[in-house]
Amino acid sequence: MKNMSAVVLGVDLGTSAVKVLAVDKAGTVVAQQSVGYELQQPQPGYSEQRPEDWVTSTTAAIQRLISEDHLKPEDIQGISYSGQMHGLVLLDANHQVLRPAILWNDTRTTPQCHEIERVMGDQFVEITGNRPLEGFTLPKLLWVKENEPEIWAQTDCFVLPKDYVRYRMTGQLAMDYSDATGTVLLDVKTGKWSKTICEQLGVPERICPPLMKSVDFAGNVTPKYAQQTGLTITTKVYGGAADNAAGAVGAGILSEDKVMASIGTSGVVLKYEDNPNTNYHGVLQFEDHAFPDKYYSMGVTLAAGYSLSWFKKTFAPDVDFTEMVASAAKSTVGANGLIFTPYIVGERAPYADADIRGSFIGIDGTHQRYDFVRAVLEGIIFSFKDLMQIYEEHGSQFKTVVAIGGGAKSPLWLQIQADIFNHPVVSLQNEQGPGMGAAMIAATGLGWFDSMEDCAQTFVHYGKVYEPIAENVTAYQQIDQVYHQAYSQTKGMTAALMAYRRAE
Ligand SMILES: Nc1ncnc2c1ncn2[C@@H]1O[C@H](COP(=O)(O)OP(=O)(O)O)[C@@H](O)[C@H]1O
Ligand SMILES: O=C(CO)[C@@H](O)[C@H](O)COP(=O)(O)O
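Cut-offs and rules
- Residues numbered from 1 in each chain as written.
- Chains lettered and ligands numbered in written order.
- Predicted model: local features only at pLDDT ≥ 70, side-chain atom pairs only at ≥ 80, totals over all residues.
- Heavy atoms only, no water.
- Helix = DSSP H or I, 4+ residues; strand = E, 2+ residues; numbered from the N terminus.
- Rg over C-alpha atoms; globule rule 2.2 N^0.38 Å.
- Buried < 20%, exposed > 50% of the residue type's maximum accessible area, 1.4 Å probe, protein only.
- Contact = heavy atoms within 4.5 Å.
- Pairing = 2+ DSSP bridges.
- Salt bridge = Lys/Arg side-chain N within 4 Å of Asp/Glu carboxyl O.
- UniProt positions renumbered as here; feature names shortened; annotations may be inferred.
- Axes fitted to C-alpha atoms, helices over the stretch in contact; angles between N-to-C directions.
- Parallel < 35°, antiparallel > 145°, perpendicular 65-115°, else oblique.
- Left-handed = near helix turned anticlockwise from the far one by under 90°.
- Nonpolar A, V, L, I, M, F, W, Y, C, P; charged D, E, K, R; others polar.
- Phe/Tyr/Trp six-rings, centres within 6.5 Å; stacked < 30°, edge-to-face > 60°.
- Domains from an automatic or database assignment.
- Buried area = accessible area lost by both parts, 1.4 Å probe.
- Polar contact = N/O pair within 3.5 Å; in protein donor to acceptor, adjacent residues only side chain to side chain.
- pLDDT = per-residue confidence, 0-100.
- Near = heavy atom within 4 Å.
- Areas by Shrake-Rupley, 256 points an atom, 1.4 Å probe, with all protein chains shown as cover.

Visitor: Would you explain the overall build of the protein in this entry?
Guide: When helices and strands are counted, the protein shows 17 helices and 24 strands. In terms of overall dimensions, the protein is globule-like: its C-alpha atoms have a radius of gyration of 22 Å, near the 23 Å expected for 504 residues. A buried classification covers 60% of the 504 residues belonging to the protein. Pairs at least 24 apart in sequence give 72% of the contacts found in the protein among residues at least 6 apart.

Given below as structure tokens:
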């Protein structure tokens, strides 16, 4: 056994994989394990996962930390979570899962969103801080109610992905506030489930789980889960947070002078908000932070890392991922005049449009695969730039962009971000963000630190700063003018193609 001292585990339950980090009191990542799982897309617009896969993969990652990385179970003092947001997990009276989870990037719920708008109008944004969009949990509940009445009749409770994993570890059902805002069933001013929304839309309030803060103690690991993993029952489990809230904690987004750019399966541009009344009119999401009484706003590109993973799976299955990304350096700034729009599963912000689809624009007979890779990398960041412009239009004065998520592994992509944003971009040392945020929640919950702000002083370490290169900035400004027209120019054509597919 390694001679290690106390550690906490940060469980980052992503869309492509669960990553579990072991972090010591100095904020050093002493070990990490990742186990992937599948996404099921049975129809265009559908996106589901099996909650059992999250549990077995998390269990396998913890087992490996103990058996391969030689963590001593008694040293694992606390566990907390960062979870993919909005995904609907329905449980019956015995807390058995009733159907596959309907995920954040599932866009089947456009009719339910229209119905919410029709019934509640502006009152909905006043209560939740958000417009009803396809990805959120409430429209998914209404979809099940309408389309699967036999499942609805058996529903005793709903939770979100990481809440289900926490339930399987502790036996206690709960949801933390940062994830609860993403259901759009929470009254953000009172911090309670909204009776008005429940009554007006026919969702029984009894199916909403108990609420807790991110750092609240949720329970000890149960004897059964201890036996399955090798953990001991002395390990304490804390609430955890929505992955973007946890990512912001891990990225040290504690003030309005930094924004976060996350490239996971989704893409997120996120800003800490001091003022709970800031109004982006529902174009950006407004959410409770993992810090008590703090907030953040964000815009979400539905397919960021997913666009790149799709490209690799489809056109470069035999090439190593890092090599494929690095090949983009052989192309030019602006990908030799090739543009990619990353709307391959529809879009959420700034265009809330479930039917838009992606495009390559400007394909030339001389283009090579590396030009396409570069166009994909750039197109994702142009889409982030659209979101950043909303902050700039609101007079935001941020200086630095902190890049997190799997996409932050590529130095080339970090430089592209700096050049397109025209801001310095910094990544984290040795870590991707959300898992560290989850570990910080456990460390604070355990009382290792007085607050998460204190914990951030020890745990958050920035790496290299990527400065914008003036000539690249100018070139990207030119390409951005063209990119910016692509949504409106392709909207009608791609919607017609979607209609064709649906009729097939
Ligand atoms: N070596 C790499 N360079 C750049 N991007 C990468 C690399 N490896 C993976 N990625 C991107 O990271 C994404 C996954 O990021 P991650 O934060 O783990 O996602 P999630 O939390 O949604 O599971 C993938 O979709 C992929 O596009
Ligand atoms: O829907 C959102 C945020 O509103 C997504 O950001 C999900 O939370 C999934 O995150 P990743 O798996 O891409 O990290």
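Still to come is the rest of the account.
Visitor: Please clarify how the pairing of strand β17 (residues 267–273) should be interpreted in this entry.
Guide: The side chains of a regular strand alternate, residue by residue, between the two faces of the sheet. Burial within β17 is extensive, with 7 of its 7 residues counted as buried. Of the two faces of β17, the one lined by Gly-267, Val-269, Lys-271 and Glu-273 and the one lined by Val-268, Leu-270 and Tyr-272 are each fully buried. The pairing of strand β16 (residues 258–263) with β17 spans 5 bridges and is antiparallel. Among the inter-strand pairings, Met-260 is bridged to a residue of β17, identified as Leu-270. Where β16 hands over to β17, the hairpin turn is made up of 3 residues, counted between the paired strands. Here β17 pairs with strand β19 (residues 295–301) via 7 bridges, running antiparallel.

Visitor: Where do I start with the pattern of salt bridges in this structure?
Guide: Side-chain pairs of opposite charge can arise whenever the charged atoms involved come near each other. The full count for this structure, using the stated rule, is 19 salt bridges. Between Arg-99 and Glu-148 there is a salt bridge, and its shortest N-O distance comes to 2.5 Å. Taken together, the residues Arg-99 in the loop between β6 (89–91) and β7 (101–102) and Glu-148 in the loop between α4 (137–147) and α5 (149–154) connect sequence positions 49 residues apart. In this structure, Arg-99 and Glu-148 share a single accessibility class: buried. The residue Arg-502 makes a salt bridge to Asp-355 at a minimum N-O spacing of 2.8 Å. Of this pair, Arg-502 sits in helix α17 (residues 470–503) while Asp-355 sits in the loop between β20 (339–341) and β21 (359–361), placing them 147 residues apart in sequence. Exposure remark for Asp-355: the relative accessible area of 25% places this residue in the partly exposed category. Several salt bridges share partner residues, and in doing so they unite Glu-48, Arg-99, Asp-106, Arg-108 and Glu-148 into one network.

Visitor: Can you walk me through the UniProt feature "site: Important for activity" (unreviewed entry) in the protein in this structure?
Guide: Per the UniProt record, the feature "site: Important for activity" (unreviewed entry) sits at Asp-12. Its place among the elements puts Asp-12 in strand β1 (residues 7–13). Ignoring any residue separated from it by four or fewer positions in sequence, one finds Asp-12 in contact with Ala-17, Val-18, Lys-19, Ser-82, Pro-434 and Gly-435.

Visitor: Is there a simple way to explain the environment of Gly-492 in this structure?
Guide: With respect to the helices, strands and loops of the structure, Gly-492 is situated in helix α17. The spacing of Gly-492 and His-281 is 211 residues in sequence and 25 Å in space, taken between C-alpha atoms.

Visitor: Where do I start with the packing of helix α1 (residues 51–67) against helix α6 (residues 161–170) in this structure?
Guide: The axes of two packed helices give the description: the angle between them and the distance between them. Following both chains from N to C, one finds α1 and α6 inclined at 60°, their axes separated by 10 Å at the closest point. Relative to α6, the element α1 is oriented oblique. The handedness of the crossing between α1 and α6 comes out as right-handed. Side by side, α1 and α6 meet where Pro-51, Glu-52, Trp-54, Val-55, Thr-58 and Ile-62 of the first sit next to Pro-161, Tyr-164, Val-165, Arg-168 and Met-169 of the second. For the contact of α1 with α6, a count of residues per class yields 8 nonpolar, 1 polar and 2 charged.

Visitor: Looking at this model, I keep getting lost on the packing of aromatic side chains. Mind explaining?
Guide: Counting across every chain of the model gives 19 aromatic pairs. With a centroid separation of 6.3 Å and an interplanar angle of 75°, the aromatic rings of Trp-310 and Phe-311 are classed as edge-to-face. A residue is classified by how much of its surface remains accessible, and Trp-310, at 24% relative accessible area, is partly exposed. Residues Tyr-343 and Tyr-487 carry aromatic rings whose centres are separated by 6.1 Å and whose planes lie at 90° to one another, so their mutual orientation is edge-to-face.

Visitor: Teacher, can you tell me more about the UniProt feature "domain: Carbohydrate kinase FGGY C-terminal" (unreviewed entry) in the protein here?
Guide: Mapped onto the present numbering, the UniProt feature "domain: Carbohydrate kinase FGGY C-terminal" (unreviewed entry) falls at residues 260–444. Along residues 260–444 one finds 35% helix and 20% strand; the C-alpha atoms at either end are 22 Å apart.

Visitor: Sorry if this is basic, but what is going on with the domain arrangement of the protein here?
Guide: Many analyses report the size of an interface as the accessible area lost when the parts associate. We note that the domain assignment places domain 1 (1–84 + 215–251 + 433–460), domain 2 (86–159 + 175–208) and domain 3 (252–432 + 469–504) within the protein. The distance between the C-alpha centroids of domain 1 and domain 3 comes to 27 Å. On the domain 3 side, the residues contacting the 28 residues of domain 1 number 23 residues. Taken together, both faces of the contact between domain 1 and domain 3 bury some 1900 Å²; the carbon and sulfur share is 64%. Of all residues in domain 1, Pro-44, Asn-244 and Ala-251 bury the most surface against domain 3, accounting for 29% of the area lost on that side. Put simply, domain 1 and domain 3 have 0 salt bridges between them. Remark: the boundary between domain 1 and domain 3 carries 5 residue pairs in polar contact (both at pLDDT 80 or more). Elements with a contribution of two residues or more to the side of domain 1 that touches domain 3: β2 (17–24), β3 (29–36), β15 (241–242), α10 (243–250), α15 (434–445) and α16 (452–459). For the side of domain 1 that touches domain 3, the leading source of residues is α10, giving 6 residues. Grouping the constituent residues of the side of domain 1 that touches domain 3 by class yields 16 nonpolar, 10 polar and 2 charged.

Visitor: Quick question: what am I supposed to make of the confidence of the model for the protein here?
Guide: Parts of the prediction with low pLDDT should not have their coordinates interpreted in detail. Per-residue confidence for the protein gives a mean pLDDT of 96, with 99% of residues at or over 70. Taken over the whole predicted complex, pTM reads 0.96, whereas the ipTM for its chain interfaces reads 0.99.

Visitor: Just to check I follow, could you spell out the site of ligand 1 for this structure?
Guide: Taken together, 22 residues lie around ligand 1, and Ser-16, Lys-19, Thr-265, Gly-305 and Ser-309 are the ones closest in. Here an oxygen atom of ligand 1 sits 3.0 Å away from a polar atom, N or O, in the main chain of Gly-406. Taking 580 Å² as the accessible area of ligand 1 by itself, protein coverage stands at 87%. Every element with two or more residues in the shell around ligand 1 is listed here: β2, α11 (305–315) and α12 (321–326). Sorting elements by how many residues they give to the shell around ligand 1 places α11 first, with 4 residues.

Visitor: Got a minute to help me understand unusual backbone geometry in this structure?
Guide: What is expected of a backbone is that most residues other than glycine have negative phi and most peptide bonds are trans. Across the junction of Ala-349 and Pro-350, the peptide omega takes the value 0°, indicating a cis bond. For His-95, which is not a glycine, the phi torsion comes out positive at approximately 60°. Checked against the element boundaries, His-95 lands in the loop between β6 and β7. Under the relative-accessibility criterion, His-95 is labelled partly exposed at 23%.

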